[in-house]
Amino acid sequence: MSRIAYLTTPLYYVNGQPHMGHAYTTVVADVLARYHRLDGDDTYLLTGTDEHGEKIFTAAAAVGLEPQAYADGIAATFVEAWKELRISNDDFLRTTEARHISVVTSVLQQVYDQGDIYFDEYEGLYCVGCERFLTDREIVNGKCPDHGTVPEKRKEGNYFFRMDKHRQWLAEHIRTTPGFIRPARYANEVLSILSESIGDLSMSRPRSRVPWGIGLPWDDDHVTYVWFDALINYVSALGYPDGELFGRYWTQARHFIGKDILKTHAIFWPTMLRAMGAPLYAGLNVGGFLMGSDGQKMSKSLGNVVNPFELSKRYSADAVRYYLAKDVPYGQDSAVSEKALVERYNADLANDLGNLASRARALLLRHLDGRLPEPVQTDADQAVIATGIGLAAHVREQVGALRLSAALEEVMQFVRQLNRYFNDEQPWVLAKNEASKPRLGTVLYNCVEGLRITSILLEPALPDKAVQLRDSLGLKGGDLASTETWGLAPAGTVIPAEAALLFPRAELEETQAGSQPAAQPVAKTEKKREKTEKSGPAAGDGQISIDDFNRVELRVAQVVACEAVPRTDKLLKLTLSLGDLGERTVVSGIAGSYAPQDLPGRRVVLVANLQPAKLRGIVSQGMILAAEDDDGNLALVHPDKELAPGARVR
RNA sequence: GGCGGCGUAGCUCAGUCGGUUAGAGCAGCGGAAUCAUAAUCCGCGUGUCGGGGGUUCGAUUCCCUCCGCCGCUACCA
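Keep in mind that what you see is a predicted model, and the values were worked out from it rather than measured.

(A) A look at the environment of His100. Among the structural elements, His100 can be located in helix H4 (residues 98-113). Sequence separation between His100 and Tyr234 is 134 residues; the distance between their C-alpha atoms is 9.7 Å. Those residues in contact with His100 that sit more than four places away from it in its chain are Leu93, Arg94, Thr95, Ile214, Asp229, Ile232, Asn233 and Ser236. Here Ser236 takes part through its side chain, which lies 2.7 Å from a polar atom of the side chain of His100.

This is the structure in structure tokens:
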């Protein structure tokens, strides 16, 4: 009676090459899938690529390719990447495949027919990067917070999916289903989003603007919004609605995602499923971001990018897999680096595990003709045996709780115990006289048997090396249950005379030395300044250079008109004249200290090259300077003489 | 500004539904051993469990507050 496990990674968007974030989520899902299979569970692992949308269309055009050809190219690099990392996916779905498109089309028609999709005109600020309109609330500093670009104003007719009506039950479901979203803090985040109106979801784009997408079956002038299309992959890959795989796996679906796509998976997707009349997935597992070696977001300019595929070629796929599973805690942001990988690899795999295999092999070959003897267990052997056969239960428990790191650590504890056992029993001393040869055989047998169990338990993380390890001892593999019996390594087994070093010790390459772990405090202040001021690097001690200052364009401006912004306490909308430079609208939070009628005619100092920002629906094109005392009283800064508006302030 | 999370040994992190001497791995120091991949094994930590206050017989664990970092959000611009 086996259990069912359906695990998915996101379908990765083909707008860029696979990177560490992709690799991490995919490796975690794969290690988990392999544990399920090892334990006899009926397991299905899905990954793939998401290939529609405006961004793909433009990216393809930029390099002179048809969208499909462009997508083909990137999709191939993902296939290659997962091959490199030994990902054991059962399927690789591309959203441009006919089997996916036909499911999306029928889902659309069904949801439309039942009245859950309607047409409406929409005007708003559109982010090309997100491929959607942003709400006022989402815009930060006049820009899309995810892409750092200024959204453009667009008006278009779109179809909308009635999503808002699903708020109540979804919130209830999240509240009453522990583990539906893990870690729990992300469930709280979703609940707080659901506590307010979520609106209906714009789920189409005019084909005239976005030719690259799945057409709406009832209106070919529109194509499906890329997320509405992509999310359906999780069921289309199973042959929804009546495929055998769908019936078998769907209700046990567990999605693995990064926190950047929480909203689509925790809100869009469940409401879509409900509208489709399909059961919800079983769980959503949210991972954090992987940061560069310095703890900051990876970026080329910081030179802290860690490429998992290069590391794989340098140190082996298993080294990368083991490092990601063992050292990177799931669900929170964490720093990854080549240095950390090498340390983990050397400590656990080379020193503890690889070396143990080496020393056992050496004595077997030298003193026992390379044959595994029949053991005669004594009291001294019981502790090792007990730990070994008890490991599977611990591993099952940890893996079930998504604690891969703890699961692997359980196994490593056992490896350390075997090393202790080896030292305590001193087989190299036993080998010195004939009388102790039987005891020598038992000790070495137990080491080999321990390594057999270890190799099976580590196999999900180390698919290649586990097999190599067993090969080097003449052993065969087995399932998880086969680790719960001691003595399955057959006496008489021939130990191969030659075997390559399993885990040669790794040295950190020189190139890596360049990324000095800059003094922590400096890095932090720099990061903070970057965030609050978006300025370039400055001299130390919070001081800025004259060049920095000159980047700020300060000008005298005259207030032409002023009115309070409706339904706000603090905001005034000012119309300012800059003389020959024209007029500006500025929103300022000074209503507590100035009445609208007091201001027209006054001269103020304006930061003229500030990024526009939208406040309460009004685009503010700058900031006026005011001083503030401890009690919050504001005093506008104004020039001492009546200079003409537009004059530069330095 | 609001809501939420985090802040535990040099580093990466566990943990404490309040209670004997707060843990692991890595790094470091000393020693043993020499079968082995300069690997292994043993021993070694006076850590204000972010600061302060409170509740309690007792708090790192609960409450309040402050500081720092992160996320979401907002009438900062």
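Text resumes after the structure shown.
(B) Seen up close, the sheet that holds strand E10 (residues 215-216). Within the open sheet, the three strands sit side by side as E9-E11-E10. Their pairing is antiparallel. Looking at the sheet topology across the chains shown, the edges are occupied by strand E9 (204-206) and E10. Two strands pair when backbone bridges link them, and E10 and strand E11 (residues 219-224) are joined in this way by two bridges, in the antiparallel orientation. Following the sheet pairing, Gly215 is matched in E11 by Val223.

(C) Structural view of the sheet that holds strand E7 (residues 181-182). Pairing is parallel across the open sheet formed by six strands, whose spatial order is E3-E2-E1-E12-E13-E7. What marks the edges here is a single partner per strand, and that holds for strand E3 (91-94) and E7. Across the face of the sheet, helix H3 (residues 67-84) comes into contact with strand E1 (4-13), strand E2 (42-50) and E3 while running at roughly 160° to E3.

(D) Representation of the environment of Arg416. Looking at the element boundaries, Arg416 is found in helix H15 (residues 404-425). Classification of Arg416 as partly exposed rests on a relative accessible area of 25%. Between the alpha carbons of Arg416 and Pro329 there is a distance of 22 Å; along the sequence they are 87 residues apart. With residues near it in sequence (within four places) discarded, Arg416 still touches Asp348, Asp352 and Glu409. A polar side-chain atom of Arg416 sits 3.4 Å from a polar atom in the side chain of Asp352.

(E) Structural view of the side chain of Ser337. With respect to the helices and strands, the residue Ser337 is situated in the loop between strand E15 (334-335) and helix H13 (338-367). Filtering out sequence-adjacent residues up to four positions away, Ser337 remains in contact with Ser293, Val306 and Tyr323.

(F) Here's a closer look at the side chain of Asp352. Position of Asp352 among the secondary structure elements: in helix H13. Setting aside its immediate chain neighbours within four residues, Asp352 contacts Ala347, Met412, Val415, Arg416 and Asn419.

(G) Just the nonpolar core, in detail. Judged by nonpolar contacts, the single largest core of 159 residues is most densely connected at Tyr6, Trp82, Phe161, Ile181, Trp250 and Trp269. Contacts of Tyr6, omitting those with residues within four sequence positions, involve Tyr44, Leu46, Tyr234, Ala237, Leu238, Tyr249, Trp250, Gln252, Ala253 and Arg254. In terms of nonpolar packing, the next biggest core, distinct from the first, is built from 16 residues, Ala557, Tyr594, Val604 and Leu636 among them.

(H) Quick look at the pairing of strand E12 (residues 253-258). Buried residues dominate E12, accounting for six of its six residues. Judged from the three bridges that link them, E1 and E12 form a sheet pairing that is parallel. Bridged to Tyr6 within E12 is Ala253. Note that E12 and strand E13 (residues 283-287) share five bridges and pair parallel. Following the sheet pairing, Arg254 is matched in E13 by Gly283. In this region the chain leaves E12, passes through helix H10 (residues 262-276) and returns to the parallel neighbour E13; the handedness of that crossover is right-handed.

Rules used in this analysis
- Residues numbered from 1 in each chain as written.
- Chains lettered and ligands numbered in written order.
- Predicted model: local features only at pLDDT ≥ 70, side-chain atom pairs only at ≥ 80, totals over all residues.
- Heavy atoms only, no water.
- Helix = DSSP H or I, 4+ residues; strand = E, 2+ residues; numbered from the N terminus.
- Contact = heavy atoms within 4.5 Å.
- Polar contact = N/O pair within 3.5 Å; in protein donor to acceptor, adjacent residues only side chain to side chain.
- Pairing = 2+ DSSP bridges.
- Axes fitted to C-alpha atoms, helices over the stretch in contact; angles between N-to-C directions.
- Buried < 20%, exposed > 50% of the residue type's maximum accessible area, 1.4 Å probe, protein only.
- Core = buried A, V, L, I, M, F, W, Y, C linked by side-chain atoms within 4.5 Å.
- Right-handed = clockwise from strand over helix to strand, strands pointing away.

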